[in-house]
Amino acid sequence: MKNISVIGSGTMGNGIAHSFAQMGYNVTLLDISLQNLTKAKETISNNLDRMIKREKISENEKKEVLNRIMFVNEFNDKIENSDLVVEAATESKKIKLEIFNKLDKVCKPETILASNTSSISIEDIANSTNRKDKVIGMHFMNPVPLMKLVEVIKSKFTCEETIKKTFDLSKKLNKIPVLVNDSPGFVANRILMPMINEAIHTLDEGVSGVDEIDTVMILGMSHPMGPLHLADFIGLDVCLSILEVLHDGFKKEKYKPNRLLKELVNAGDLGVKTKKGFYDYSKGVKNKFINKRFII
Ligand SMILES: NC(=O)c1ccc[n+]([C@@H]2O[C@H](COP(=O)([O-])OP(=O)(O)OC[C@H]3O[C@@H](n4cnc5c(N)ncnc54)[C@H](O)[C@@H]3O)[C@@H](O)[C@H]2O)c1
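No experiment lies behind these values; they were computed from the predicted model shown.

J.: Looking at this structure, how should I read the layout of surface pockets?
T.: A water-sized probe rolled over the atoms picks out the places where empty space is left. By volume, the second largest pocket is sized at about 150 Å³. Lining the second largest pocket are 13 residues, and of these Asn3, Asn26, Val27, Thr28 and Lys78 lie nearest its centre. For the lining of the second largest pocket, the elements supplying multiple residues, two or more each, are β1 (3-7), β2 (26-30) and β3 (69-72).

Here's what the structure looks like:
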C-alpha cells in the first residue's frame with residue numbers, strides 16, 4: 001500500500017493525513033469545504049512546527065511531509081487509484097452512505113474503504129457498496145499523530161484479508177490496532193460517551209461546576225483530562241451524534257443525550273473547533289477559561 005486518500009479534513013481527517021504522510025505514504029486529502037482544507041493545511045503545518053521545536057523532525061522533513069499531501073475539493077484519479085481510502089467526514093449516516101456509494105463506483109476494485117466513524121454501523125456502510133468484504137472501520141483517536149490506538153471494526157461481511165491489511169497498515173503507522181465487532185459505539189464510545197453525558201447531567205443539575213467536575217475526574221480517577229474538556233476536544237456535535245446512535249441502537253434511557261448538550265450544539269458552541277464549548281478557547285487552546293454561561 002502506498003497511496004492513501006482521506007475524505008474530510010476536519011479534526012480527524014487532517015491528523016490521519018498527517019500520520020500517513022509522515023510515514024512516507026502519498027496522501028490525497030479531500031474536503032467539500034475549501035475553508036476547512038485551508039485550516040487543515042495550517043493545522044498540519046503548525047503540528048509539524050511543534051515537532052521541529054521538539055527536535056523530532058527537521059525543517060526538510062516538514063517540507064517532505066507537506067509535499068506528500070495533496071489538498072483537493074473534488075474527486076480525482078489519485079483517489080480512484082488509492083490502495084486505501086479513510087473516510088473521516090461529518091458523523092452523519094446520510095453523508096457517509098453517499099460518500100461510500102460514490103467511492104465504490106469510482107475506486108479501483110482492490111481499494112479498501114475504511115470509515116473513521118465513531119459509532120455508525122460498518123455493516124450499514126458496507127451495504128451502500130458492492131465490495132462489502134473490503135469495507136472496515138478504522139477508528140483513530142484524537143489527536144491522531146499522538147494517540148496509539150486504532151479500533152478496527154469488522155462487520156459480518158469484512159474478509160480476513162481486509163482485516164490483515166488494515167492491521168499491518170496500522171502497525172506501519174506505529175499504532176496499535178485492536179479488533180472489535182460491529183455494535184453501536186463499538187467499544188471506545190460505548191464506554192466513553194455515557195461518562196461524558198453523565199458529567200453534563202451533573203453540571204446541568206447544578207451538582208458542581210465545569211472546572212470542579214473535571215478536577216474530580218483528573219485528580220480522583222487519574223484521567224489525563226476531565227470529561228467536559230475532552231468533550232470540547234472531540235466536538236460537542238460529534239458527542240451528540242454518537243449518543244443519538246447509542247440511544248437509537250440500544251433503546252435505553254441511559255444513552256439519551258442531555259438537553260444542555262443539545263442546547264450548546266444548537267447555539268453553534270461545538271468546543272475547541274468553534275473556540276467555545278464548556279470552556280472558552282478564544283485566547284488559545286492552552287489558555288482555556290470557563291464559558292461565561294457556566295460561571296456560577
Ligand atoms: N472528533 C473526534 O475526537 C473523533 C474521534 C474519533 C473519530 N471521529 C469521527 O471522525 C469523523 C470526523 O469527525 P471530525 O471530528 O473530524 O469532524 P469535523 O466536523 O471536524 O470534520 C468533518 C469534515 O468533513 C467534511 N465533510 C462533510 N461532508 C463531506 C463530504 N461529503 N465529502 C468530503 N468532506 C466532507 C466537513 O467539511 C468537515 O471538514 C466522524 O465520523 C467522527 O465521528 C471523531
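J.: Mind showing me how you'd approach the site of the ligand here?
T.: Surveying the vicinity of the ligand reveals 26 residues, the closest of which are Asp31, Asn36, Glu91, Ser118 and Ile234. Between the ligand and the protein, one listed contact pairs an oxygen atom with a side-chain N or O atom of lysine 96 at 2.7 Å. Measuring from an oxygen atom of the ligand, one finds a side-chain N or O atom of asparagine 142 at 3.2 Å. Burial of the ligand by the protein chains amounts to 89% of its free accessible area of 830 Å². Among the secondary structure elements, those contributing two or more residues to the shell around the ligand are α1 (11-22), α5 (93-106) and β6 (135-140). No other element matches α5, which puts 3 residues into the shell around the ligand.

J.: Just to check I follow, could you spell out the packing of helix α2 (residues 34-53) against helix α3 (residues 59-67) for this structure?
T.: Geometry of a packed helix pair, given as the angle between the helix axes and the separation of the axes. As a packed pair, α2 and α3 sit with axes 10 Å apart at the nearest point and diverge in direction by 155 degrees. On the basis of their axis angle, the class for α2 and α3 is roughly antiparallel. Seen from above, α2 lies across α3 with right-handed handedness. Residues Ile44, Ser45, Leu48, Asp49 and Ile52 of α2 form the contact with α3, whose own contacting residues are Glu59, Lys62, Val65 and Leu66. Tallied by class, the residues present in the contact of α2 with α3 amount to 5 nonpolar, 1 polar and 3 charged.

J.: Which parts of the structure should I look at to understand a positive patch on the surface?
T.: Residues Arg50, Lys53, Arg54, Lys56 and Lys286 make up a contiguous surface patch of positive charge. With respect to the element layout, lysine 53 can be found in helix α2.

J.: Just to check I follow, could you spell out the packing of aromatic side chains for this structure?
T.: When we look at a pair of aromatic rings, we describe it by the centre distance and by the angle of the planes. Counted by the stated rule, this structure contains 5 aromatic pairs. Pairing tyrosine 279 with tyrosine 281 gives two aromatic rings, centres 6.4 Å apart and planes at 55 degrees, and the pair type is tilted. Relative accessible area serves as the criterion here: at 2%, tyrosine 279 is assigned to the buried category. You can call tyrosine 281 buried: its relative accessible area is 2%. Here a set of aromatic residues connected by ring pairs shows up, and it is made of Phe20, Tyr25 and Phe140. A cation over a ring is seen here: lysine 102 above phenylalanine 75, with NZ or CZ 4.8 Å from the ring centre. Looking at lysine 132, its charged tip hangs above the ring of phenylalanine 157, at a distance of 4.9 Å from the centre.

Rules used in this analysis
Residues numbered from 1 in each chain as written. Predicted model: local features only at pLDDT ≥ 70, side-chain atom pairs only at ≥ 80, totals over all residues. Heavy atoms only, no water. 1 Å grid on protein atoms, 1.4 Å probe; cavity = no way out; pocket = protein on both sides within 12 Å on 5 of 7 lines; lining within 4 Å. Points joined across faces, edges and corners; volume = space filled by probe spheres on them. Helix = DSSP H or I, 4+ residues; strand = E, 2+ residues; numbered from the N terminus. Near = heavy atom within 4 Å. Polar contact = N/O pair within 3.5 Å; in protein donor to acceptor, adjacent residues only side chain to side chain. Areas by Shrake-Rupley, 256 points an atom, 1.4 Å probe, with all protein chains shown as cover. Axes fitted to C-alpha atoms, helices over the stretch in contact; angles between N-to-C directions. Parallel < 35°, antiparallel > 145°, perpendicular 65-115°, else oblique. Left-handed = near helix turned anticlockwise from the far one by under 90°. Contact = heavy atoms within 4.5 Å. Nonpolar A, V, L, I, M, F, W, Y, C, P; charged D, E, K, R; others polar. Patch = residues over 30% accessible without salt bridge, like charges linked within 9 Å, V, L, I, M, F, W, Y side chains within 5 Å. Salt bridge = Lys/Arg side-chain N within 4 Å of Asp/Glu carboxyl O. Lys, Arg positive; Asp, Glu negative; His and termini not counted. Charge placed at Lys NZ, Arg CZ, Asp CG, Glu CD. Phe/Tyr/Trp six-rings, centres within 6.5 Å; stacked < 30°, edge-to-face > 60°. Buried < 20%, exposed > 50% of the residue type's maximum accessible area, 1.4 Å probe, protein only. Lys NZ or Arg CZ within 6 Å of the ring centre and 35° of its normal.

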